[in-house]
Amino acid sequence: MIKRERYLSRIRGFYHSDLIKVITGIRRSGKSVLLTQIREELSEQGIAESQIIYLNFEDYDYSFIRTGKELHEYIKEKIVTQEKYYLFLDEIQTIPEFERVINSIRMKFDASIFITGSNGRLLSGELATYLSGRTVSFRVYPFSFAETCEMKGLSGEEITDEVLVEYMIWGGLPQRFQMQDEEQTKTFLRDVFDTIVLHDVVQRAGIKDIDLFNRLLEYLVCNPSQIFSVSSVSDYFLSVNRKISKETIYNYLEYITASLIVERASRYDIRGRRILTKMDKYYLTDMGLGRIRNPGFKLEMGALLENVIYNELLIRGQEVYVGKTRNGEIDFVSILDQNKEYYQVAYYLYDQKVIDREFGAFREVRDNYPKYVISFDKMDFSRDGIIHKNAISFLLEEC
């Protein structure tokens, strides 16, 4: 088990705060392990075990808690002194009316509360109503490439292009590294995917047209890094005698993104400095989930690398958009603390035509924010103030 310092460093300042710590992430991304590491650090600070209450609602040991009332009574029975308590509620979304329970505990007791969930809308709805302004949120992702290398015990020259390609294909869900072979890995990833679809989308959202939903989901998962047009998808289904409204497609997209299996990247008008609302791109949260849903697909390495870079920027805490220029597109505009960075991603800069295309994408960008081209190439192609970076070097940077 590796220490997920990037997340811990962001959360530490809130360990003893009365703000509700909301931690979200796709299933099996390591949220429970992160809670364990937080509890260990609290113990190292001298917090007694009796002051730490941990419940994992996917653990059958806690199956006797089925309602908000039962949860409320259980917690009240555990808080027996006037000391500060540290409450960890893992996968809390399974308990009805959990929002009211959290609000009640917050008001009655001196408690630092941590909750996790596998749904991107955990901070919406009733939770937002009851706890408006009283939460701080953190997003957890599968292992980054750097964490993957740490998990495998690789460093220096051991980190080859082949290691990155393997990560681009099979992703970084922590438990997959416990699998003994490719067949076990596929079985594990299929189970994760099916659980997400069944429990986090179909059952939770009450999907009626499961065939349509599966078709739409397969398209997103099997075509990462592509522009998605609701109109074109609607027209496609009409061409195969399946009339489906745009509203239904939009609703299904919301359910899919809420499950965190894919991320939506909106377009950003660089000249107008505004976010556009049409023609989004969708990226896989974990690359392995795309591989097992489309086992015979041709490896589009440029698209896979683009997806990996997108995820890496999110892991680093940046807001990431697809850049729209007057006559073209830039793969990513990332924003952090009012500062911007621009990125173009290519598998290899094969020839002068590809070099001109990737570097030329920045031609219409007039500001002085950093501009990068990232590829597998080890030769430095930097020019005209645009920085070229090797993909492995970029992904291993300390940030």
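A short tour of the structure in this document, coming up. Values in this document were obtained by computation on a predicted structure and should not be read as measured data.

Another aspect to go through is the layout of surface pockets. For the largest pocket, the calculated volume is near 760 Å³. For the largest pocket, the lining is made up of 27 residues, of which Arg139, Tyr141, Glu263, Leu314 and Gln318 are closest to its centre. Elements that contribute at least two residues to the lining of the largest pocket include exactly helix H1 (5-11), strand S1 (20-24), strand S5 (135-139), strand S6 (262-265), helix H13 (301-315) and strand S10 (319-324). It is S6 that contributes the most residues to the lining of the largest pocket, 4 residues altogether. Taken together, the residues that form the lining of the largest pocket break down as 13 nonpolar, 8 polar and 6 charged.

Turning to the packing of aromatic side chains, a few remarks are in order. On inspection of all chains with the given rule, the structure shows 18 aromatic pairs. Note on Phe88 and Phe114: the rings are 4.5 Å apart at their centroids and 10° apart in plane angle, and the pair reads as stacked. With Phe88 in strand S3 (residues 85-90) and Phe114 in strand S4 (residues 111-117), this residue pair connects regions lying 26 residues apart in the sequence. Residue Phe88 is classed as buried on the basis of its relative accessible area of 0%.

Here the focus is helix H11 (residues 246-258). Here H11 contains 13 residues, and its C-alpha end-to-end distance of 18 Å stays within 8% of the 18 Å for a straight helix at 1.5 Å per residue. Within H11, burial applies to Ile249, Tyr252, Leu253, Ile256, Thr257 and Ala258. For H11, the secondary structure elements touched by its buried residues are helix H9 (210-222), helix H10 (230-239), S6 and strand S9 (281-284).

Rolled over the atoms, a probe sized like a water molecule indicates the empty space that remains. Counted according to the given criterion, the structure contains 3 cavities of 30 Å³ or more. The space that makes up the largest cavity amounts to roughly 80 Å³. Lining the largest cavity are Tyr141, Pro142, Phe143, Tyr167, Gly171, Gly172, Thr285, Asp286, Met287, Val308, Asn311 and Ile315. It is H13 that contributes the most residues to the lining of the largest cavity, 3 residues altogether. Of the residues assigned to the lining of the largest cavity, the class counts are 7 nonpolar, 4 polar and 1 charged.

We now examine the pattern of salt bridges. Side-chain pairs of opposite charge can arise whenever the charged atoms involved come near each other. Taken as a whole, this structure holds 32 salt bridges when the rule is applied. A salt bridge links Lys3 to Glu41; its shortest N-O distance comes to 3.1 Å. Linking Lys3 in the segment before H1 with Glu41 in helix H2 (residues 31-44), this pair joins segments that are 38 residues apart in sequence. For Lys3, a relative accessible area of 43% translates into the label partly exposed. You can call Glu41 buried: its relative accessible area is 6%. Its salt-bridge partner being Arg27, residue Glu58 comes within 2.2 Å of it at the nearest N-O pair. Taken together, the residues span a long stretch of sequence, with Glu58 in the loop between strand S2 (52-56) and helix H3 (68-78) and Arg27 in the loop between S1 and H2 at a distance of 31 residues. With a relative accessible area of 7%, Arg27 lands in the buried category. Here the salt bridges share partners, and the residues they tie into one network are Lys3, Glu5, Arg12 and Glu41.

Let's shift gears to the sheet that holds S3. On the basis of which strands lie adjacent, the open sheet formed by 5 strands has the order S2-S3-S4-S1-S5 and parallel pairing. Strand pairing shows two members of the sheet lacking a second neighbour, S2 and S5, which therefore form its edges. Neighbour-to-neighbour, the strand axes of the sheet open up by a mean angle of 15°, direction not taken into account. Inspection of the sheet shows S1 paired to S4 by 4 bridges, in the parallel sense. By the bridge assignment for S4, Lys21 is matched with Phe114. Helix H4 (residues 98-108) rests against S1, S3 and S4 of the sheet, and its axis sits at about 165° to S4.

Along a regular strand, successive side chains alternate from one face of the sheet to the other. Of the two faces of S9, both are covered, the one formed by Lys281 and Tyr283 as well as the one formed by Tyr282 and Leu284. Bridge analysis of S6 against S9 gives 4 bridges, and the strand direction is antiparallel. Looking at S9, one finds that Ala265 is bridged to Lys281.

Within strand S12 (residues 339-345), 5 of the 7 residues are buried, leaving the element largely enclosed by the surrounding structure. Note: strand S11 (residues 329-336) against S12, 5 bridges, orientation antiparallel. In the sheet register, Ser334 faces S12, and the bridge partner there is Glu341. Joining the antiparallel neighbours S11 and S12 is a turn of 2 residues, in which Asp337 adopts a positive phi near 55°. The pairing of S12 with strand S13 (residues 371-375) spans 4 bridges and is classified as parallel. If you follow Tyr342 over to S13, its bridge partner there is Lys371. In the classification by handedness, the crossover that spans S12, the intervening helix H14 (residues 352-360) and the parallel S13 is right-handed.

Moving on: helix H8 (residues 182-205). Given a rise of 1.5 Å per residue, 24 residues ought to cover 34 Å, and the 33 Å separating the end C-alpha atoms of H8 matches this to within 8%. A maximum bend of about 25° is found in H8 at Leu198. Residues Thr185, Lys186, Phe188, Leu189, Val192, Phe193, Ile196, Val197, Asp200, Val201 and Val202 constitute the buried set of H8. Where H8 is buried, its residues meet helix H7 (161-170), H9, H11 and helix H12 (287-293). Looking at where H8 begins, the residue whose side-chain oxygen comes 3.2 Å from the main-chain nitrogen of Glu183 is Asp181. Where H8 terminates, the next one or two residues include Gly206, which has phi positive at roughly 65°.

Parameters and conventions
All residue numbers refer to positions counted from 1 along the written sequence of the respective chain. A pLDDT threshold of at least 70 governs which residues receive local features in this predicted model, and a stricter bar of 80 or more applies before side-chain atom pairs are shown or counted, although totals over entire chains, interfaces and linings include all residues. Based on all heavy atoms of the structure, the side-chain values leave hydrogens and waters out of the count. Both site types are read off a 1 Å grid over the protein atoms alone. A 1.4 Å probe that fits but cannot get out defines a cavity, while an open set with protein on both sides within 12 Å along at least five of seven lines defines a pocket; lining residues have an atom within 4 Å of a point. Grid points are joined across faces, edges and corners, and a volume is the space filled by probe spheres set on the points. Only DSSP runs of H or I with at least four residues qualify as helices, and only runs of E with at least two residues qualify as strands; both kinds are numbered from the N terminus onward. Side-chain classes follow a simple rule in which Ala, Val, Leu, Ile, Met, Phe, Trp, Tyr, Cys and Pro form the nonpolar group, Asp, Glu, Lys and Arg form the charged group, and the remainder, Gly included, forms the polar group. Put simply, two rings from Phe, Tyr or Trp (the six-membered ring, in Trp's case) pair if the centres are within 6.5 Å, and we call them stacked under 30 degrees between planes, edge-to-face over 60, tilted for the rest. Only protein chains enter the accessibility calculation, which uses a 1.4 Å probe; a residue is then buried when its area is under 20% of its type maximum, exposed when over 50%, and partly exposed in between. Every helix has an expected span of 1.5 Å times one less than the residues it contains. Only heavy atoms enter the contact rule, under which two residues are in contact if any of them lie within 4.5 Å. Here, a salt bridge means any side-chain nitrogen of Lys or Arg that lies within 4 Å of a carboxyl oxygen of Asp or Glu. A pair of strands is considered paired only if DSSP assigns at least 2 bridges between the two. Inter-axis angles, ranging from 0 to 180 degrees, are taken between N-to-C directions of lines fitted to C-alpha atoms, where helices are fitted over the stretch in contact. Orienting the strands away from the viewer, one traces the path from the first strand over the helix to the second; a clockwise path indicates a right-handed crossover. Each residue is assigned a bend, namely the angle between axes fitted to the seven residues that terminate at it and the seven residues that start at it. As used in this structure description, the phrase polar contact means that two N or O atoms lie within 3.5 Å; if the pair is within protein, one of them must be able to donate a hydrogen and the other to accept it, and residues adjacent in sequence are counted only when both atoms belong to side chains.

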